[in-house]
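Structural features, examined
Residues per chain, in single letters:
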2 protein chains.
Amino acid sequence: MGQVPHKSVVIVAGGKGKRMDTLAPKQFLLLDGIPVLIHTLQKFYQYDHNISIVLVLPQDQAAIWSDLCREYDFRVSHKVVAGGAERFHSVKHGLAHIEDDWLVAIHDGVRPLVSNHIIDKGYKIAAHSGGAVPVVPVNQTIRLVDEHSNKVVAREKYRLCQTPQTFKAKWIREAYNQHFKPEFTDDAMVYESCGYHVVLYEGSTQNIKITNPVDLEIARVILKP
Amino acid sequence: MGQVPHKSVVIVAGGKGKRMDTLAPKQFLLLDGIPVLIHTLQKFYQYDHNISIVLVLPQDQAAIWSDLCREYDFRVSHKVVAGGAERFHSVKHGLAHIEDDWLVAIHDGVRPLVSNHIIDKGYKIAAHSGGAVPVVPVNQTIRLVDEHSNKVVAREKYRLCQTPQTFKAKWIREAYNQHFKPEFTDDAMVYESCGYHVVLYEGSTQNIKITNPVDLEIARVILKP
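Residues numbered from 1 in each chain as written. Chains lettered and ligands numbered in written order. Predicted model: local features only at pLDDT ≥ 70, side-chain atom pairs only at ≥ 80, totals over all residues. Heavy atoms only, no water.

Here we come to the packing of helix H7 (residues 213–223) of chain A against helix H7 (residues 213–223) of chain B. Helix-helix packing is characterised by the crossing angle of the two axes and by the distance between the axes. Interaxial distance between H7(A) and H7(B) falls to 9 Å at its minimum, and their mutual angle equals 135°. In this view, H7(A) runs oblique relative to H7(B), as classed from their interaxial angle. Both H7(A) and H7(B) take part in a crossing whose hand is right-handed. Contacts between H7(A) and H7(B) pair Val214(A), Glu217(A), Ile218(A), Val221(A) and Ile222(A) from the former with Val214(B), Glu217(B), Ile218(B), Val221(B) and Ile222(B) from the latter. Its residues assigned to classes, the contact of H7(A) with H7(B) shows 8 nonpolar, no polar and 2 charged. (Axes fitted to C-alpha atoms, helices over the stretch in contact; angles between N-to-C directions. Helix = DSSP H or I, 4+ residues; strand = E, 2+ residues; numbered from the N terminus. Parallel < 35°, antiparallel > 145°, perpendicular 65-115°, else oblique. Left-handed = near helix turned anticlockwise from the far one by under 90°. Contact = heavy atoms within 4.5 Å. Nonpolar A, V, L, I, M, F, W, Y, C, P; charged D, E, K, R; others polar.)

With that settled, the discussion passes to the packing of helix H1 (residues 36–47) of chain B against helix H4 (residues 116–129) of chain B. All names here are of chain B. Between H1 and H4, whose axes approach to 10 Å, the crossing angle comes to 65°. The hand of the H1/H4 crossing is right-handed. Of the residues in H4, those touching H1 at Lys43, Phe44, Gln46 and Tyr47 are Asn116, Ile119, Asp120 and Tyr123. The class makeup of the residues in the contact of H1 with H4 is 4 nonpolar, 2 polar and 2 charged.

The next thing to look at is the pattern of salt bridges. A full pass over the atoms with the stated rule returns 20 salt bridges over all chains. Arg173(B) is the partner of Asp100(B) in a salt bridge, and the nearest nitrogen-oxygen pair spans 2.8 Å. Of the two residues, Asp100(B) is situated in the loop between helix H3 (87–95) and strand E6 (103–108) and Arg173(B) in helix H5 (residues 169–175); the sequence distance between them amounts to 73 residues. With a shortest N-O distance of 3.4 Å, Glu217(B) and Arg220(B) are connected by a salt bridge. A residue pair is termed a helical-turn pair when its members lie 3 or 4 positions apart in one helix, as Glu217(B) and Arg220(B) do in helix H7 at 3 residues. You can call Glu217(B) partly exposed: its relative accessible area is 25%. Given the relative accessible area of 34%, Arg220(B) is considered partly exposed. One network of salt bridges, with partners in common, ties together Arg87(A), Asp108(A), Arg111(A) and Asp187(A). (Salt bridge = Lys/Arg side-chain N within 4 Å of Asp/Glu carboxyl O. Buried < 20%, exposed > 50% of the residue type's maximum accessible area, 1.4 Å probe, protein only.)

Superposition of chain B onto chain A requires a rotation of 180° combined with a translation of 0.0 Å along the rotation axis, giving an RMSD of 0.0 Å. Look at the turn and shift together and you get a two-fold axis relating the two. It is Ile218(B) whose C-alpha, among those of chain B, lies nearest the rotation axis, at 2.9 Å. A symmetric contact is evident, with 100% of the interface residues of chain B recurring at the interface of chain A. (Least-squares fit on C-alpha atoms with pLDDT ≥ 70 in both.)

Moving on, we get to the packing of aromatic side chains. According to the stated counting rule, one finds 19 aromatic pairs over all chains in the structure shown. Ring geometry for Phe88(B) against Tyr176(B): centres 4.9 Å apart, planes inclined by 40°, an arrangement best described as tilted. Pair noted here: Phe88(B) is in helix H3 and Tyr176(B) is in the loop between H5 and helix H6 (187–192), with a separation of 88 residues, a long-range link. By the burial criterion, Phe88(B) is buried, and Tyr176(B) matches it. Through pairs of rings, three or more aromatic residues link up here, namely Phe88(A), Tyr176(A), Phe180(A) and Phe184(A). (Phe/Tyr/Trp six-rings, centres within 6.5 Å; stacked < 30°, edge-to-face > 60°.)

A few words now on the interface of chain B and chain A. The interface is formed by 31 residues belonging to chain B together with 31 residues belonging to chain A. Taking both sides of the interface into account, the surface hidden between chain B and chain A amounts to around 3,000 Å²; carbon and sulfur atoms contribute 58%. Considering only the side of chain B, the residues that lose the most area to chain A are Gln140(B), Thr141(B) and Arg143(B), jointly responsible for 21% of the buried surface there. Along the contact surface separating chain B from chain A lie 4 salt bridges. Between Glu192(A) and Arg143(B) there is a salt bridge, and its shortest N-O distance comes to 3.0 Å. Between the two partners, chain B and chain A, sit 14 residue pairs in polar contact (both at pLDDT 80 or more). Breaking the side of chain B that touches chain A down by element, the ones donating at least two residues are strand E8 (142–145), strand E9 (150–153), strand E10 (158–161), H6 and H7 of chain B. The leading source of residues in the side of chain B that touches chain A is H7(B), at 5 residues. Considering only residue class, the side of chain B that touches chain A consists of 17 nonpolar, 5 polar and 9 charged. Sheet analysis places strand E8 (residues 142–145) of chain A next to E10(B), joined by 3 bridges and oriented antiparallel. (Buried area = accessible area lost by both parts, 1.4 Å probe. Polar contact = N/O pair within 3.5 Å; in protein donor to acceptor, adjacent residues only side chain to side chain. Pairing = 2+ DSSP bridges.)

The subject of this paragraph is H3(B). Residue and element names in this part refer to chain B. For H3, the complete set of buried residues consists of Phe88, Ser90, Val91, Gly94 and Leu95. Seen along its axis, H3 keeps its buried residues to an arc of 165°; they face one direction. Looking at the packing, one finds that the buried side of H3 touches strand E1 (7–12), strand E4 (52–57), strand E5 (79–82), E6, H5 and H6. (Arc of directions from axis to C-beta.)

Bringing the pairing of strand E1 (residues 7–12) of chain A into the picture now. Every other side chain in a regular strand lies on the same face of the sheet, so the side chains alternate between the two faces. All names here are of chain A. Among the 6 residues that make up E1, 6 are buried, leaving the element largely enclosed by the rest of the structure. The pairing of E1 with strand E6 (residues 103–108) spans 6 bridges and is classified as parallel. Across the sheet, residue valine 10 finds its bridge partner in E6, namely isoleucine 106. Both E1 and strand E4 (residues 52–57) contribute to a ladder of 5 bridges, which runs parallel. Within E4, the position partnered with serine 8 by the bridge is serine 52.

Laid out in structure tokens, this is it:
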């Protein structure tokens with residue numbers, strides 16, 4: 001039996017909170033009395049106390065974050081790294097602190113409700129196949145639109161992607177050595193553009209991304225016991 | 001200036017509530033102290049007091065519904081029609097009570113949060129073009145999956161469809177004269193299969209469908225002033 005690779009996570013918290021109609025970036029808003037981002041880091045720490053956590057934050061938020069950690073007595077060990085111009089660059093900065101023989105999950109800072117099961121499955125699949133992406137089915141009729149027309153497509157053939165997206169670190173680091181393209185909307189796309197393939201697995205509708213004010217309320221509802 | 005056509009709505013409330021882990025069909029669950037379905041009918045009545053409302057219900061729910069109307073003192077005039085085997089047949093039963101020169105919106109009974117604006121825009125577009133469908137953008141990475149592979153597609157080219165879907169009654173009634181096909185997942189598909197086209201317009205992420213228990217909680221949050 002081979003040794004289980006060391007686990008790590010790059011948590012990307014880039015947003016400026018513009019859509020939230022609030023001055024605080026979304027990741028610092030309180031959920032159940034605790035900043036969203038602390039929930040997110042805690043989820044990975046609870047999964048594996050030996051995990052290496054790299055948090056990528058816009059440079060001007062580092063001081064706020066360290067104040068928050070003090071205020072909420074958050075002592076889980078993690079490295080804070082400055083973000084870049086686009087999410088692509090932020091992830092790349094984070095991956096610079098990961099070792100090639102590790103597994104690395106890349107996760108949105110504003111997905112605080114990720115489950116232990118989804119995290120675990122991502123590492124297991126990545127250890128075996130190289131790349132893993134949690135997805136959920138599309139439960140509404142979906143249309144493909146172009147300039148001149150639009151038509152319904154078979155929704156059962158589509159999946160919506162979530163994070164964490166988990167990889168063999170060497171391979172995703174190699175993928176992030178290429179130049180940025182605006183069409184990269186997630187890490188799996190960067191990875192695949194190098195010829196690698198990802199395995200899709202079942203995510204959860206509860207693993208929501210806090211994007212709009214109502215999402216924070218929804219997260220509160222989901223958290224309720 | 002032509003006369004504005006009479007407005008009508010067919011509200012389809014078919015579900016058995018299996019997914020809700022409760023014995024009550026979803027449309028009878030309470031939202032803000034009132035059954036979901038009463039909210040839905042009220043939205044259309046508030047939009048236009050002269051509207052003709054046809055409610056399609058499974059036969060065995062008619063008695064419950066009339067009890068609820070009494071209990072909640074709901075006096076808005078509407079016709080109750082028995083549903084069919086599939087949503088397709090239920091809509092068809094409802095359309096039998098609509099006149100050819102009317103406009104008709106077809107709406108999910110479990111979308112109680114539809115706005116006045118979305119209802120109004122549907123009728124206006126349908127009066128002009130024949131068919132109108134409210135849609136929202138896809139805000140997650142989306143993948144197309146087949147037996148052997150999967151790939152990311154350009155999410156900006158896709159839209160998720162909602163209801164009400166609004167039509168010139170004559171044309172949608174004609175479309176519903178064809179035989180049922182299992183691939184019909186909404187009314188616009190039935191309509192288009194006769195060679196007609198629909199106009200897409202902006203829906204709202206708040207116009208949710210109550211499908212799972214958490215959706216009812218989300219609806220409560222959205223309703224909060």
